[in-house]
Amino acid sequence: MTNPENILVTGATGTVGRQVVAELLARGHCVRALTRDTAKAEFPAGVEVVRGDLTDPDSLAPALEGVTGLHLITFGGAYFAPLETGPRILELAREAGVRRVTVLHGGGPSPLEDAVRAGELDWTVIMPVEFMSNALQWADGIKNADEVREPFTDRLSAMVHEGDIGAVAAVALTGAGHGGQEYVITGPEVLTLKDKVNALAAARGREITLVGMSEEEALGQWRAAGHPQEVIDFLLDAYGNTPRVGRTVAGTVEKVTGRPARTFGQWAAEHADAFRP
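Computed from a prediction, not measured in an experiment: that's the story for all the values here. (Residues numbered from 1 in each chain as written. Predicted model: local features only at pLDDT ≥ 70, side-chain atom pairs only at ≥ 80, totals over all residues. Heavy atoms only, no water.)

**Structural notes on the overall build of the chain**
So, point 1. Helix and strand counts for the chain come out as 11 helices and 13 strands.
So, point 2. A compact globule built from 277 residues would reach a C-alpha radius of gyration of about 19 Å, and the chain, at 19 Å, matches this within 12%.
So, point 3. Each principal axis of the C-alpha atoms in the chain carries an extent, and together these give about 55 × 40 × 40 Å.
So, point 4. Evaluated residue by residue, the chain yields a buried proportion of 47% over its 277 residues.
So, point 5. The contacts in the chain between residues at least 6 apart in sequence include a share of 73% that link residues at least 24 apart.
So, point 6. Here the chain has roughly 13,000 Å² of accessible surface; of this, 49% comes from carbon and sulfur atoms.
So, point 7. Counting 25 positive and 37 negative side-chain charges, the chain places the averaged centre of each group 4 Å from the other. (Helix = DSSP H or I, 4+ residues; strand = E, 2+ residues; numbered from the N terminus. Rg over C-alpha atoms; globule rule 2.2 N^0.38 Å. Buried < 20%, exposed > 50% of the residue type's maximum accessible area, 1.4 Å probe, protein only. Contact = heavy atoms within 4.5 Å. Areas by Shrake-Rupley, 256 points an atom, 1.4 Å probe, with all protein chains shown as cover. Lys, Arg positive; Asp, Glu negative; His and termini not counted. Charge placed at Lys NZ, Arg CZ, Asp CG, Glu CD.)

**Notes on the pattern of salt bridges**
So, point 1. Counted by the stated rule, this structure contains 17 salt bridges.
So, point 2. Two residues, Glu 120 and Arg 94, come together in a salt bridge whose shortest N-O distance is 3.9 Å. Of this pair, Glu 120 sits in the loop between helix 4 (111-118) and strand 8 (122-128) while Arg 94 is found in helix 3 (residues 86-96), placing the two residues 26 residues apart along the sequence.
So, point 3. The exposure class assigned to Glu 120 is exposed, which follows from its relative accessible area of 67%.
So, point 4. With a relative accessible area of 38%, Arg 94 lands in the partly exposed category.
So, point 5. The partner of Arg 204 in a salt bridge is Asp 146, and the shortest N-O contact between them spans 2.5 Å. On the criterion of sequence distance, the pair formed by Arg 204 in helix 7 (residues 193-204) and Asp 146 in the loop between helix 5 (139-145) and strand 9 (147-151) is long-range, its members being 58 residues apart.
So, point 6. Through salt bridges with shared partners, one network takes in Glu 5, Arg 99 and Arg 100. (Salt bridge = Lys/Arg side-chain N within 4 Å of Asp/Glu carboxyl O.)

**Considering the packing of helix 1 (residues 15-26) against helix 6 (residues 162-174)**
So, point 1. Running from amino to carboxyl end, helix 1 crosses helix 6 at an angle of 55°, the nearest separation of the two axes being 7 Å. Taken together, the axis directions place helix 1 and helix 6 in an arrangement best described as oblique. The way helix 1 lies across helix 6 gives a crossing that is right-handed. Of the residues in helix 6, those in contact with Thr 15, Val 16, Gln 19, Val 20, Glu 23 and Leu 24 of helix 1 are Glu 162, Gly 163, Ile 165, Gly 166, Ala 167, Ala 169, Ala 170, Leu 173 and Thr 174.
So, point 2. The class makeup of the residues in the contact of helix 1 with helix 6 is 8 nonpolar, 5 polar and 2 charged. (Axes fitted to C-alpha atoms, helices over the stretch in contact; angles between N-to-C directions. Parallel < 35°, antiparallel > 145°, perpendicular 65-115°, else oblique. Left-handed = near helix turned anticlockwise from the far one by under 90°. Nonpolar A, V, L, I, M, F, W, Y, C, P; charged D, E, K, R; others polar.)

**Quick notes on the side chain of Arg 32**
So, point 1. Positionally, Arg 32 belongs in strand 2 (residues 30-35).
So, point 2. A distance of 2.7 Å separates a polar atom in the side chain of Arg 32 from the backbone oxygen of Glu 65.
So, point 3. When near neighbours in sequence (up to four residues on either side) are disregarded, Arg 32 contacts Asn 6, Ile 7, Leu 8, Val 9, Glu 48, Val 50, Pro 62, Ala 63, Leu 64, Glu 65 and Val 67. (Polar contact = N/O pair within 3.5 Å; in protein donor to acceptor, adjacent residues only side chain to side chain.)

**Brief notes about the nonpolar core**
Across soluble globular proteins, nonpolar side chains have a tendency to be buried as a group.
So, point 1. Counting 28 residues, the largest nonpolar core has Val 9, Val 21, Leu 24, Ile 165 and Ile 185 as its most contacted members.
So, point 2. At the level of elements, strand 1 (6-9), helix 1, strand 2, helix 6, strand 11 (181-185) and helix 10 (252-257) are the ones that each hand at least two residues to this core.
So, point 3. The greatest single-element share of this core, amounting to 6 residues, is contributed by helix 6.
So, point 4. Once residues within four sequence positions are removed from consideration, Val 21 is found in contact with Val 9, Ala 12, Val 31, Ala 33, Phe 43 and Val 47.
So, point 5. Core analysis: the second largest hydrophobic core is formed by 24 residues, Val 98, Leu 121, Trp 123 and Val 125 among them. (Core = buried A, V, L, I, M, F, W, Y, C linked by side-chain atoms within 4.5 Å.)

**Remarks on the packing of aromatic side chains**
We describe a pair of aromatic rings using the distance from one ring centre to the other and the angle between the two ring planes.
So, point 1. In this structure the tally under the stated criterion is 3 aromatic pairs.
So, point 2. Note on Trp 222 and Tyr 239: the rings are 6.3 Å apart at their centroids and 55° apart in plane angle, and the pair reads as tilted. Of the two residues, Trp 222 is situated in helix 8 (residues 215-224) and Tyr 239 in helix 9 (residues 229-240); the sequence distance between them amounts to 17 residues.
So, point 3. Given a relative accessible area of 13%, Tyr 239 falls into the buried group.
So, point 4. When the centroid spacing of 6.2 Å and the interplanar angle of 65° are considered together, the rings of Trp 267 and Phe 275 count as edge-to-face.
So, point 5. The buried category is assigned to Phe 275, whose relative accessible area is 1%. (Phe/Tyr/Trp six-rings, centres within 6.5 Å; stacked < 30°, edge-to-face > 60°.)

**Remarks on a nonpolar patch on the surface**
So, point 1. On the surface, Leu 156, Val 190 and Val 249 cluster together into a nonpolar patch covering about 200 Å² of accessible area.
So, point 2. Tracing the backbone through its elements, the reader meets Val 249 in the loop between helix 9 and helix 10. (Patch = residues over 30% accessible without salt bridge, like charges linked within 9 Å, V, L, I, M, F, W, Y side chains within 5 Å.)

This is the structure in structure tokens:
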């Protein structure tokens, strides 16, 4: 690579943001990671950690100096409320000379994504389906009881490795031809819950039992965990009526990055220790 880009990644401490940072760094680009608290942020050597808050757009101005690409999320602040500051963020980015912007789709319409789509910069909307890392919520049950307890055990998912989300975003931020695109990002296969459990069992070298739960049992568990009603409603819809896009393989990863999407088996092998007693 001859011309490294200078990219600002917001939401840099999140599941996807960290992967965007890692992929950009691996590709030889200059990376700035935005965080509200620089003292608590840990990133690989070579990453410039900068302070800023998406709910206070003017705080981003120093971080945007000399930046050519900007990765955005649609929620901000301590309570992850939808950001209403998109127009000002985009104005500052344009004034700083930013050319490309990616935005991580939040699962539905959002004011910030609307502002990105209406703006003058080359934008790409990154639209991943279920993250493979969601399987980490099973870690305690697997470690303590060798079981996964879930409702809707016949549901299907084309879940995606979070590293592949980061890779697609990194390419869109640093190369031509991605402006005005919506990239639905999936893994390379459609999986049942049993497929996932078997992959985790193989990775950790010990059997895991899949235990089906009724919808009522799941509701009780989610409420006991303190989930607000809007989250419970989302889970019921996502698990009980998974949309076609969430259970259909898209070839986006290979088309954009030039390499196949990573499998859940690969993800399980990378995280096997998280599921061992």
